[in-house]
Amino acid sequence: GFCIKAIQNYTGVKISTPSGYTRTGHGGETVVPSKVKIGLAGSRDKVALARNLILDLTKYFHTPITHPGVTHIEMDIASNYFNYIIGSKGSEIKHIQANYKVAVHIPNADTNNQNVLIVGEEDNVAQAEKHIQKLIEK
């Protein structure tokens, strides 16, 4: 909710999201569809800005408006190396995220970005990138 409010405040565009768009799966888990229609109301140029901010949010998991001071690096890594980044039971990715205070996003079929994405403060992102490069070079 805070990202939507930040974009609304910055652009002056009214953003409406559908209510009740989740459903219950076969095992009782909550399922959120990968695509949801979002309504934007306002002047054409402001709506275009809000749309671009929302698209950036879905692709990079941050924008300068919603997460000031946060940056990202995209790494073009072959999918056969993802296991090295993730580690046994997620141990390596948890280690990277905790030690460098970043978020590491591994692409899958539902993501808008097909590169490994490291999101955080600039220095931390650079250090995490070096760590991942060392893992791949092994």
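Anything mentioned here points back to the structure above.
The structure presented is a predicted model; accordingly, all values stated were derived computationally and were not measured. (Residues numbered from 1 in each chain as written. Predicted model: local features only at pLDDT ≥ 70, side-chain atom pairs only at ≥ 80, totals over all residues. Heavy atoms only, no water.)

Draft legend 1. Structural detail: the overall build of the protein. Looking only at helices and strands, the protein features five helices and seven strands. Starting at the N terminus, the α and β elements of the protein follow one another as α-β-β-β-β-α-β-α-α-β-β-α. By its C-alpha atoms, the protein is 50 × 40 × 25 Å across when sized along the principal axes. Residue burial in the protein is summarised as follows: out of 138 residues, 30% are buried. For the protein, the share of sequence-separated contacts (at least 6 apart) that also reach a separation of at least 24 residues comes to 54%. Summed over its atoms, the accessible surface of the protein is roughly 9,200 Å², and 50% of this surface lies on carbon and sulfur atoms. (Helix = DSSP H or I, 4+ residues; strand = E, 2+ residues; numbered from the N terminus. Buried < 20%, exposed > 50% of the residue type's maximum accessible area, 1.4 Å probe, protein only. Contact = heavy atoms within 4.5 Å. Areas by Shrake-Rupley, 256 points an atom, 1.4 Å probe, with all protein chains shown as cover.)

Draft legend 2. Broad picture of the sheet that holds strand 6 (residues 103–105). Ordered by their spatial adjacency, three strands build an open sheet running 5-7-6, and the pairing between neighbours is antiparallel. Two strands in the sheet have a free side with no partner beyond their single neighbour: strand 5 (71–75) and strand 6. Neighbouring strand axes in the sheet, compared pairwise and without regard to direction, differ in orientation by 15 degrees on average. As paired strands, strand 6 and strand 7 (residues 116–120) are joined by three bridges and run antiparallel to one another. Its bridge partner being in strand 7, Val-104 is matched across the sheet by Ile-118. (Pairing = 2+ DSSP bridges. Axes fitted to C-alpha atoms, helices over the stretch in contact; angles between N-to-C directions.)

Draft legend 3. Representation of the packing of aromatic side chains. Overall, the coordinates contain one aromatic pair when judged by the stated rule. Pairing Tyr-81 with Tyr-84 gives two aromatic rings, centres 5.9 Å apart and planes at 40 degrees, and the pair type is tilted. On the basis of relative accessible area, Tyr-81 is assigned to the partly exposed category, the value being 30%. (Phe/Tyr/Trp six-rings, centres within 6.5 Å; stacked < 30°, edge-to-face > 60°.)

Draft legend 4. A look at the environment of Asn-99. For Asn-99, the location among the structural elements is in helix 4 (residues 91–100). Separated by 13 residues in sequence, Asn-99 and Ile-86 have C-alpha atoms that sit 14 Å apart.

Draft legend 5. Structural detail: helix 2 (residues 44–60). An ideal rise of 1.5 Å per residue puts 24 Å on 17 residues; helix 2 measures up with 24 Å between its terminal C-alpha atoms. Those residues of helix 2 that sit buried are Val-47, Ala-50, Leu-53, Ile-54, Leu-57 and Tyr-60. Summarising the contacts, the buried residues of helix 2 are in contact with helix 1 (2–11), strand 1 (14–16), strand 4 (39–41), strand 5 and strand 7. In the segment just after helix 2, Phe-61 is the residue with positive phi, at about 65 degrees. (Expected span 1.5 Å × (residues − 1).)

Draft legend 6. Broad picture of helix 1. If you check which residues of helix 1 are buried, you get Cys-3, Ile-7, Gln-8 and Thr-11. End-on view of helix 1: buried residues confined to an arc of 135 degrees, all on one side of the axis. Projecting away from the buried face of helix 1 at angles above 90 degrees are the exposed residues Phe-2, Lys-5 and Asn-9. Buried residues along helix 1 sit against strand 1 and helix 2. With its phi angle positive at about 75 degrees, Gly-12 sits one or two positions after the end of helix 1. (Arc of directions from axis to C-beta.)

Draft legend 7. Up close: the nonpolar core. Of all hydrophobic cores here, the largest spans 17 residues; its most connected members are Ile-77, Ile-85, Ile-96, Val-102, Val-104, Val-116 and Ile-132. At the level of secondary structure, the elements contributing two or more residues to this core comprise helix 3 (82–86), helix 4, strand 7 and helix 5 (122–137). The greatest single-element share of this core, amounting to five residues, is contributed by helix 5. Excluding anything up to four places from it in sequence, Val-102 contacts Ile-96, Gln-97, Ile-118, Val-119, Gly-120, Asn-124, Val-125 and Ala-128. Core analysis: the second largest hydrophobic core is formed by nine residues, Ile-7, Val-47, Leu-53 and Ile-54 among them. (Core = buried A, V, L, I, M, F, W, Y, C linked by side-chain atoms within 4.5 Å.)

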